[in-house]
Amino acid sequence: MFEEDEDIQTELTDDQKIELAKWFLLNAPAGEIQYVAKDVRAILKDENVYKKAAEESFPSYNKSHLICLELPNKSGDVLITPHCEVDKDEYLDPRTAQVAIVDHVKQVCKDVRPARDEELPSAFVEEYRSAMDAEIMKYVSEAYPKGVCSVYCTKGKDVEEPGFDFELVVVISAARDSPQNFCNGSWRSIWNIEFKDEIQSLEVRGKMQVGAHYFEEGNVQLDAKHECKDTTLIQSPDDSAISLVNIIRHHETEYLASLQTSYLKLPDTTFKDLRRKLPVTRTLFPWHNTAQFSLTRDIEKELGIGK
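Overview of the structure. (Residues numbered from 1 in each chain as written. Predicted model: local features only at pLDDT ≥ 70, side-chain atom pairs only at ≥ 80, totals over all residues. Heavy atoms only, no water.)

Before going further, it helps to examine the overall build of the protein. Each helix and strand in the protein was counted, giving eight helices and 11 strands. Counting every position in the protein, which comprises 307 residues, the buried fraction comes to 43%. Within the structure as shown, the protein displays about 18000 Å² of accessible surface, and the carbon and sulfur contribution to it stands at 51%. (Helix = DSSP H or I, 4+ residues; strand = E, 2+ residues; numbered from the N terminus. Buried < 20%, exposed > 50% of the residue type's maximum accessible area, 1.4 Å probe, protein only. Areas by Shrake-Rupley, 256 points an atom, 1.4 Å probe, with all protein chains shown as cover.)

On to the sheet that holds strand E10 (residues 201–214). An order of E7-E8-E9-E10-E11 is seen for the five strands of this open sheet, with the pairing classed as antiparallel. Of all strands in the sheet, those with a lone pairing partner are strand E7 (147–155) and strand E11 (220–233), marking the two edges. For this sheet, the mean inter-axis angle between neighbouring strands, taken without regard to orientation, is 15 degrees. Relative to strand E9 (residues 183–196), strand E8 (residues 166–178) runs antiparallel, the two sharing 13 bridges. Each bridged residue has a counterpart across the sheet, and for Val170 the counterpart in E9 is Trp191. (Pairing = 2+ DSSP bridges. Axes fitted to C-alpha atoms, helices over the stretch in contact; angles between N-to-C directions.)

Turning our eyes to something else, we now look at the environment of Val86. Here Val86 lies in strand E3 (residues 85–87). In sequence terms Val86 and Ala115 are 29 residues apart; their C-alpha atoms lie 9.7 Å from each other. Once you skip the residues sitting within four places of it in the chain, Val86 turns out to touch Tyr91, Leu92, Val99, Arg113 and Glu119. (Contact = heavy atoms within 4.5 Å.)

By the element assignment, His251 lies in helix H6 (residues 237–264). Classification of His251 by relative accessible area gives buried; the value is 11%. When neighbours within four sequence positions are excluded, His251 is seen to be in contact with Trp191, Met208, Cys228, Lys229 and Asp230.

Remark on secondary structure: sheet strands pair via backbone hydrogen bonds, oriented parallel or antiparallel. Strand order across the open sheet formed by four strands is E3-E4-E5-E6, with antiparallel pairing between neighbours. On the outer flanks of this sheet lie E3 and strand E6 (108–114), each paired with one strand and no other. Taking the axes of each pair of neighbouring strands and ignoring which way they run, one obtains an average angle of 35 degrees across the sheet. The pairing of strand E5 (residues 98–103) with E6 spans six bridges and is antiparallel. Bridge pairing in E6 links Ala100 to Val112.

Here we come to the nonpolar core. Within the largest apolar cluster, 44 residues are counted, with the highest numbers of intra-cluster contacts made by Met132, Ile136 and Ile172. Elements represented by at least two residues in this core include exactly helix H5 (123–143), E7, E8, E9, E10, E11 and H6. Once residues lying within four places of it in the same chain are set aside, the contact partners of Ile136 are Cys149, Val151, Val170, Ile172, Val245 and Ile248. By size, the runner-up hydrophobic cluster in this structure holds 19 residues, among which are Leu69, Leu79, Cys109 and Val169. (Core = buried A, V, L, I, M, F, W, Y, C linked by side-chain atoms within 4.5 Å.)

Counted under the stated rule, the structure contains 18 salt bridges. Arg205 is the partner of Glu194 in a salt bridge, and the nearest nitrogen-oxygen pair spans 3.6 Å. Taken together, the positions of Glu194 in strand E9 and Arg205 in strand E10 put the pair 11 residues apart, joining distant regions of the chain. By relative accessible area, which is 33% here, Arg205 ends up partly exposed. It is possible to trace a salt-bridge network through shared partners that takes in Glu19, Lys22, Lys52 and Glu56. (Salt bridge = Lys/Arg side-chain N within 4 Å of Asp/Glu carboxyl O.)

This is how it looks when you write it as structure tokens:
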């Protein structure tokens, strides 16, 4: 009876294989989905199943990780984000007024076309968008040497004059991939800015996410998230942009400082709590030199923050 049960094998259906493959692909650390995809493909040994899983996973992964792709005509870069998606596999770069046609699985831009008038904001909204874009570029170049950014109008892009509401979204993405050193890191932040004309107010909502993966003789991952809110007054396009970038700078700097404080406390808190849970190796834990376990230092080094 037991021998018969041992011989019974439950074969996964194609749909089950696709769902499992999608889980692994979608949960790949920043910058590592191509490595995961290669292994998933080898394990599946079924090109049709892999293709289905990849086609469903890569677009979501690329948009959630805010990957940056070079435009084929070398005129700039385009961020892959839901905020600039104008059609299936088409993403607007408002800085160059072009639309990139993307191959999500290969993570490349296949082609580019001029943006249509209806895909771009009105001249009135564009004043605020371009002023914000210019200021955020200055900030990102100082704070994230490896960073890219863009500003999109997501609501009210047809507004032609004061008296109506509209919304801008600022996206910042910075990645430092160093697989040869067994570590990758990423910074992602999205800032929704609502222009409320009736109360002459700018309402700001920010979402920040830091990711890091260390896989030399192990597998350690960091996935930290933070949200915040702020407000300021509507001013001229240039003055509004300066005020908004100061808000973004303040909150991002504050969040990074809080992360650093948390990790500096690790030697006296988390690491010591693990003391009795660690396997017996007959090797004393270096309590006199716990500073060597500085995740903050390594994260800053990988992202180029503070340089």
